[in-house]
Amino acid sequence: SNPNPLWIYNEKLRFVKVNNAAVEKYGYSRRKFLKMTIGDIHSAVDHEILDNQNKHLEDIRLAGIWTHLGASRETFIVSTVSYPVLFNNEPCDLVMATDITELIEKERKLEDAYQKIKTSNEVLLQIAWSNSHELRKPLCSVLALVGLLKEAREQERVELLRLLEISSTELDQVLRQNNEKVNEMEMVEEFE
């Protein structure tokens, strides 16, 4: 009556007992289960691990995170715990499986969100640095040149206007670069 799938398998890795929750979750009949081995419910990736463990059968404990297959070949991620038991006078292992597929998916989404925030913060730091360093130089130049222009003689005005144009262009370039960074960040967020 345990709501989690439970089964007992023997040293030959054959199922010898399964509970109702296992039958319901995996979609195999009880009779079919008892003709299978634990390898039949594991994904191809897990088979490599199982094969390596089979070489050291006395050490096999199938506790951990696994990808299991149901009768319809759908996959789900389970966390299993395994205990040695004596069943029908035969050394066996009792396994309880808990489906954690939804939890893993939420964890993946949380990691994706964290990476997006991290990337956005890096861009914002670049923009903040640019505003305090790259933007400041041409802005200070523009302000100083405007002050000089107010008091300059006609022959000095031509040179001051040329310097003002250079500083204004630099200022415009820095602003455009910062806007591009913001737009790229927004496009990435929209795409995802």
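Reading the values: the criteria
- Residues numbered from 1 in each chain as written.
- Predicted model: local features only at pLDDT ≥ 70, side-chain atom pairs only at ≥ 80, totals over all residues.
- Heavy atoms only, no water.
- Core = buried A, V, L, I, M, F, W, Y, C linked by side-chain atoms within 4.5 Å.
- Buried < 20%, exposed > 50% of the residue type's maximum accessible area, 1.4 Å probe, protein only.
- Helix = DSSP H or I, 4+ residues; strand = E, 2+ residues; numbered from the N terminus.
- Contact = heavy atoms within 4.5 Å.
- Pairing = 2+ DSSP bridges.
- Expected span 1.5 Å × (residues − 1).
- Arc of directions from axis to C-beta.
- Axes fitted to C-alpha atoms, helices over the stretch in contact; angles between N-to-C directions.
- Polar contact = N/O pair within 3.5 Å; in protein donor to acceptor, adjacent residues only side chain to side chain.
- Phe/Tyr/Trp six-rings, centres within 6.5 Å; stacked < 30°, edge-to-face > 60°.
- Lys NZ or Arg CZ within 6 Å of the ring centre and 35° of its normal.

Visitor: Help me understand the nonpolar core in this model?
Guide: Across soluble globular proteins, nonpolar side chains have a tendency to be buried as a group. Among the nonpolar cores identified, the biggest contains 17 residues, and Trp7, Phe15, Tyr26, Phe33 and Ile41 are the most heavily contacted of them. Every element with two or more residues in this core is listed here: β1 (6–10), β2 (15–18), α1 (20–26), β4 (75–87) and β5 (90–99). Beyond its immediate sequence surroundings of up to four residues, Phe15 is in contact with Trp7, Ile8, Tyr9, Phe33, Leu34, Met36, Thr37, Ile38 and Ile41. Leu145, Leu149, Ala152 and Leu160 belong to the second largest nonpolar core, which has 6 residues in total.

Visitor: So what exactly am I meant to see when it comes to the pairing of β5 here?
Guide: Taken residue by residue, a regular strand's side chains alternate between the two faces of the sheet. Bridging between β1 and β5 involves 5 bridges; their strand directions are antiparallel. Residue Ile8 lies in a different strand from β5, and its bridge partner there is Leu94. The sheet contact formed by β4 and β5 spans 10 bridges and is antiparallel. The residue of β5 that forms the bridge with Ser79 is Thr98. Counted between consecutive antiparallel strands, the loop separating β4 from β5 contains 2 residues, among which Asn88 sits at a positive phi close to 50°.

Visitor: Just to check I follow, could you spell out helix α5 (residues 136–151) for this structure?
Guide: Spanning 16 residues, α5 covers 23 Å between terminal C-alpha atoms, matching the ideal 22 Å at 1.5 Å per step. Of all the residues in α5, the buried ones are Pro138, Val142, Leu145 and Leu149. The arc enclosing the buried residues of α5, seen along the axis, measures out at 75°, which places them on a common side. Facing away from the buried surface of α5 by more than 90 degrees, the exposed residues are Lys137, Leu143, Lys150 and Glu151.

Visitor: What is the right way to read the sheet that holds strand β3 (residues 64–69) from this model?
Guide: Consider a sheet: its strands pair through backbone hydrogen bonds, and that pairing is either parallel or antiparallel. With antiparallel pairing, 5 strands are arranged side by side in an open sheet as β2-β1-β5-β4-β3. Pairing within the sheet leaves two strands with one partner each, and these edge strands are β2 and β3. Taken pair by pair, the neighbouring strands of this sheet meet at an average axis angle of 35°, ignoring direction. Relative to β4, β3 is paired through 6 bridges, and the arrangement is antiparallel. Paired with Ile65 across the strands is Ser79, a residue of β4.

Visitor: Any chance you could explain the side chain of Thr80 here in plain terms?
Guide: Within the secondary structure layout, Thr80 lies in strand β4. Within the local environment of Thr80, its side chain forms a polar contact with the side chain of Trp66, the two groups lying 3.4 Å apart.

Visitor: I'm lost on the packing of aromatic side chains in this one. Help?
Guide: Tallying each qualifying case throughout the model produces 6 aromatic pairs. Here the aromatic rings of Trp7 and Phe15 are separated by 5.8 Å at their centres, their planes lie at 80°, and the arrangement is edge-to-face. Residue Trp7 shares its accessibility class with Phe15, and that shared class is buried. Ring centres of Tyr28 and Phe33 lie 5.4 Å apart, and the angle between their planes is 70°; on these two criteria the pair is classed as edge-to-face. Neither residue differs from the other here; Tyr28 and Phe33 are each classed as buried. Members of the aromatic cluster, connected to one another through ring pairs, are Trp7, Phe15, Tyr26, Tyr28, Phe33 and Phe76. Lying over the aromatic face of Phe76, Lys25 brings its terminal NZ or CZ to 4.4 Å of the ring centre.

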